[in-house]
Amino acid sequence: MITRTKYNPKEVESKWQTQWEADQLYHASDDSPKPKFYHLVMFPYPSGDLHMGHWYNYSPFDAYGRFKRMQGYNVMQPIGFDAFGLPAENAAIKRGIQARTWTLANIENMRKQLRAMGAQWDWQREVVTCLPDYYKWTQWLFLQFYKHGLAYRTKAPANWCPGCNTTLANEQVLADGTCERCGSIVERREIDQWLLKISAYAEQLLDFPDVEWPEKTITMQRNWIGRSEGAEIRFYTELNGQREEIPVFTTRPDTIYGVTFFVLAPEHPWVEKLTTPERQEEVTAYVEQARRMTEIERMSADKEKSGVFTGGYVTNPVNGEKVPVWIADYVLMGYGAGAIMGVPAHDQRDFEFARKFGLPIVEVIRGEGEESSDPATWTEAKAALGAMVNSGSFDGTPGDEGIAKVTRFIEEQGIGKYMVTYRLRDWLISRQRYWGAPIPIVYCPEHGTVPVPEDQLPVWLPENVQFKSTGESPLRYEADFLNTTCPVCGGPATREADTMDTFICSSWYYLRYADPHNSEQAWSPERLKQWLPVDQYVGGVEHAILHLLYSRFFVKALRDMGHLDFDEPFKRLFHQGMVLGSDGQKMSKSRGNVEAPDKYVEKYGADTVRCYMMFIGPFDAGGSFKAENLEGIWRFLNRVWSLMNDAWVENPGQEETDETKGIERLRNKTIKRVTEDLSNFRFNTALAALMEYNNVLIKQQNELVARTATYQRALETLMQLLAPLAPHIAEELWHLTGHTASIHTSEWPGYDEALTKDETFTLVVQVNGKVRERIETATDISESEIRKMVLTNPRVLSFIGDATVQKVIYVPGRLANVVVRNK
């Protein structure tokens, strides 16, 4: 028995956090002979305070990492801060301070909170994306993309947020057309901007080789990439005596004979060429109206169809018919070729457009068993499934042959070709804001666009800037930053004043963790080969399209440049659920249900808060935070503490008895349950198993069996199984019971599969499907023995009576059904 003390989490946790840091217990050695396990959680934005969402994410994540460490892995579990971006800049403007000052102060506060959590963070590998030793290599990566033709500048329509005064990627515009950051209505503007050619990797990004990802996330990415097979058909017109072609992509070339109109995106360069003088005023007004709308608004299914006739016509190259050319805002330049062929009989959107503007509707596909009917009587488009009709020589072609047959025809005639297109468009990375990594490009009057030489990196971001009331980037007015010399000729030049999208920073941070202090390279090949790819990644599903897709693109592009030798950044991905307020709603300041963890850590300790966040529900489902329920976990940990204080014996001398067999069997069962639960992120059920185990041991602590080596081994196992979940109390008890090394370096307990099975089970006996008896019997009993035992049981025989036994159906380990027939 150890000296009884009261559980004081504040004292215990402070003590061990200090000791773990001094011992560098959680620093992942680059020279360890153990197998590596790169364990990563999406790094936080330094908003200033950790909230319960962070604890819900990090507590189970850390428990899993500790579990893997005890299983014998060299676990690398780094942490850092995604520190650039609009929130810091807006907060700095609001408070009248510099963004760097605000950000670094928040980081310092969050470091303290992260340490108080007791997680096994490898602080020696910390990265902060807003510091020059990090963004130098962000800039270097940009130059690699530029060198290989994957970064380019162009003037094109962009999503412009007037509230944030910057461009947004398509993924950052919400479904209602507002900015995901500030809620302003997003506009469309044409400006010079930098993009990364992610579209070049569209096909590769559709495949997910050798990864264990949620199917939902894979589907989301594939849908966003949006691969479509079809044909490009070249419609044409006569301009100034010459034939000019306008390509259009369609997934249904078999409907080519049903084209009755042609629609261009308002931004299409052919609009100006095809618009007749009498239609010019109306077309110009419509184009200007469309430019003020976001793509989300234009594509909305609820939006009433609108459009304007240009006065021009194009010719269908298959049947030679002239069709009118319209412009409509539901057609976008970024999809296909910015043009569509209108087939109103078999596309609902085209049908509605044709009805509104009185355009012809021609049936060209007819389903099996359908009768010919006048499209003028239709109330909606017909599904484009069936045989081709009204299609010249293709009439009667079955639906499963039409697409291929028409595609071959247009290729043979030289009027089109088979084509694959993608919804995915290139990644707009320019931001007209200050707080971001400067784009390392110089503009020279003589040499044009010139990349900054690698040996001149980083391009330093000025630390003290003056913000304009208009919200414009102060970099445009910082003469010391803006004015420079051309790297080629040495003459006067100007720097690019845009900064990079912060998703650039987070698209490669997991690479830097492997070699965070390298001042000569972004990483050494040796360190990357040792640690990458990430073995387990944990983060929210809301990043499926942005961060996760961009990170995959980075890895594939850098692989092709020769910088990496693997294909995917994250082998295994897990999405945590969402912690809700006590009202069952998403935590938000507007609802007044946000809970900060600090006061609960102060009252109950980090281990209680950690375990509670794991206990509220399945990790991938989430649950509601209810402060009063912390008491249940607090009592559980106190019961563990009291048990160890009361029942631990250093030299147990009691002889083993039959009772110890039950304890050993329970120990093995519990090890198996907790091991399987932790392996599958079932932290709530792992805790439930430990609670049951602890209760049984408490009931036996005053009996003679508690003085046996078997019982003491069961107590030791309790501490080890609890260690990943409640690391501080487990460490303290481990040392109080005479151990000298950390419990977190001890070996995870193994179990004997045979001892996880019960020695007996209750056999349910039925007669003709009705339960008539229950018999306790050995688990290793044979089927023949079961039959004999059942058919000699007096109670069973009383229900059989003089009936004839036809057969005995045995379900191993569960029941036996005696099937009888009356004479």
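Residues numbered from 1 in each chain as written. Predicted model: local features only at pLDDT ≥ 70, side-chain atom pairs only at ≥ 80, totals over all residues. Heavy atoms only, no water.

**A closer look at the sheet that holds strand β6 (residues 166-168)**
Within a sheet, adjacent strands bond to each other through the backbone by hydrogen bonds, running parallel or antiparallel. An order of β6-β5-β7-β17 is seen for the four strands of this open sheet, with the pairing classed as antiparallel. Of all strands in the sheet, those bounded by a partner on one side alone are β6 and β17 (427-428). Here strand β7 (residues 187-196) runs beside β17; their pairing, made up of two bridges, is antiparallel. The partner of Leu195 across the bridge, within β17, is Leu428. (Pairing = 2+ DSSP bridges. Helix = DSSP H or I, 4+ residues; strand = E, 2+ residues; numbered from the N terminus.)

**Here we look at the pattern of salt bridges**
In total, this model carries 40 salt bridges according to the counting rule given. Taking the shortest distance from any N to any O, the salt bridge between Arg227 and Glu229 comes out at 2.9 Å. Looking at Arg227, the relative accessible area reads 35%, which means it is partly exposed. With relative accessibility at 45%, the residue Glu229 sits in the partly exposed group. Notably, a salt bridge pairs Arg243 with Glu245, separated by 3.7 Å at the nearest N-O pair. With a relative accessible area of 43%, Arg243 lands in the partly exposed category. The structure contains a network of salt bridges with shared partners spanning Asp30, Asp122, Arg125 and Arg527. (Salt bridge = Lys/Arg side-chain N within 4 Å of Asp/Glu carboxyl O. Buried < 20%, exposed > 50% of the residue type's maximum accessible area, 1.4 Å probe, protein only.)

**A short note on the UniProt feature "short sequence motif: 'HIGH' region" (unreviewed entry) in the chain**
The feature "short sequence motif: 'HIGH' region" (unreviewed entry), as annotated in UniProt, sits at residues 44-54 in this numbering. The span residues 44-54 is 27% helical and 0% strand by assignment, and the distance between its end C-alpha atoms comes to 8 Å. (UniProt positions renumbered as here; feature names shortened; annotations may be inferred.)

**Topic: the sheet that holds strand β19 (residues 441-444)**
Pairing is antiparallel across the open sheet formed by four strands, whose spatial order is β20-β19-β22-β21. Pairing within the sheet leaves two strands with one partner each, and these edge strands are β20 (448-451) and β21 (483-485). Averaged over all adjacent pairs, the angle separating strand axes in this sheet is 40°, with direction ignored. The sheet contact formed by β21 and strand β22 (residues 492-495) spans three bridges and is antiparallel. (Axes fitted to C-alpha atoms, helices over the stretch in contact; angles between N-to-C directions.)

**Digging into unusual backbone geometry**
The omega angle of the peptide bond from Leu457 to Pro458 is 5°, so this bond is cis rather than trans. Within the secondary structure layout, Pro458 lies in the loop between β20 and α13 (479-482). Its identity as a non-glycine residue notwithstanding, Gln24 has a phi of 50°, on the positive side. Judged by its relative accessible area of 45%, Gln24 is partly exposed. You will see that Asp210, though not glycine, has its phi angle at about 55°, which is positive. As for its position among the elements, Asp210 is in the loop between α6 (202-205) and α7 (215-225).

**Re helix α24 (residues 727-736)**
Burial within α24 is extensive, with eight of its 10 residues counted as buried. Of the positions making up α24, those classed as buried are Pro727, His728, Ile729, Ala730, Glu731, Glu732, Leu733 and Trp734. Of the surrounding elements, those touching the buried residues of α24 are α1 (9-22), α2 (52-70), α19 (606-615), α20 (630-647) and α23 (709-722). After α24 finishes, the residue Gly738 shows a positive phi value of roughly 100°. (Contact = heavy atoms within 4.5 Å.)

**Description of the nonpolar core**
Counting 179 residues, the largest nonpolar core has Tyr510 and Phe554 as its most contacted members. The element contributing the most residues to this core is α20, with 10 residues. Leave out the neighbours within four places in its chain, and Phe554 touches Leu141, Phe145, Leu196, Trp427, Ile504, Ser507, Trp508 and Tyr510. Membership of the second largest hydrophobic core comes to 49 residues, among which are Phe235, Ile246, Val283 and Ile361. (Core = buried A, V, L, I, M, F, W, Y, C linked by side-chain atoms within 4.5 Å.)

**Some words on the packing of helix α3 (residues 86-95) against helix α4 (residues 99-116)**
Packing of α3 against α4 brings their axes to within 8 Å, and their N-to-C directions diverge by 110°. Judged by the inter-axis angle, α3 sits roughly perpendicular to α4. In this structure, α3 crosses over α4, and the sense of that crossing is right-handed. Residues Pro87, Ala88, Glu89, Ala91, Ala92 and Arg95 of α3 lie in contact with α4, whose contacting residues are Ala99, Trp102 and Thr103. A breakdown of the residues in the contact of α3 with α4 according to their chemical character gives six nonpolar, one polar and two charged. (Parallel < 35°, antiparallel > 145°, perpendicular 65-115°, else oblique. Left-handed = near helix turned anticlockwise from the far one by under 90°. Nonpolar A, V, L, I, M, F, W, Y, C, P; charged D, E, K, R; others polar.)

**Examining the side chain of Gln576**
Following the sequence through the fold, Gln576 ends up in the loop between β25 (573-574) and β26 (578-580). Polar contacts involving the side chain of Gln576 include one to the main-chain amide nitrogen of Gly540, which spans 3.4 Å. If we ignore the near neighbours within four places in the chain, the residues touching Gln576 are Tyr56, Asn57, Val538, Gly539, Gly540, Phe619 and Asp620. (Polar contact = N/O pair within 3.5 Å; in protein donor to acceptor, adjacent residues only side chain to side chain.)

**Concerning the side chain of Arg66**
Among the structural elements, Arg66 can be located in helix α2. If we ignore the near neighbours within four places in the chain, the residues touching Arg66 are Trp20, Tyr26, Gly118, Ala119, Gln120, Arg610, Ala723, Pro724, Pro727 and His744.

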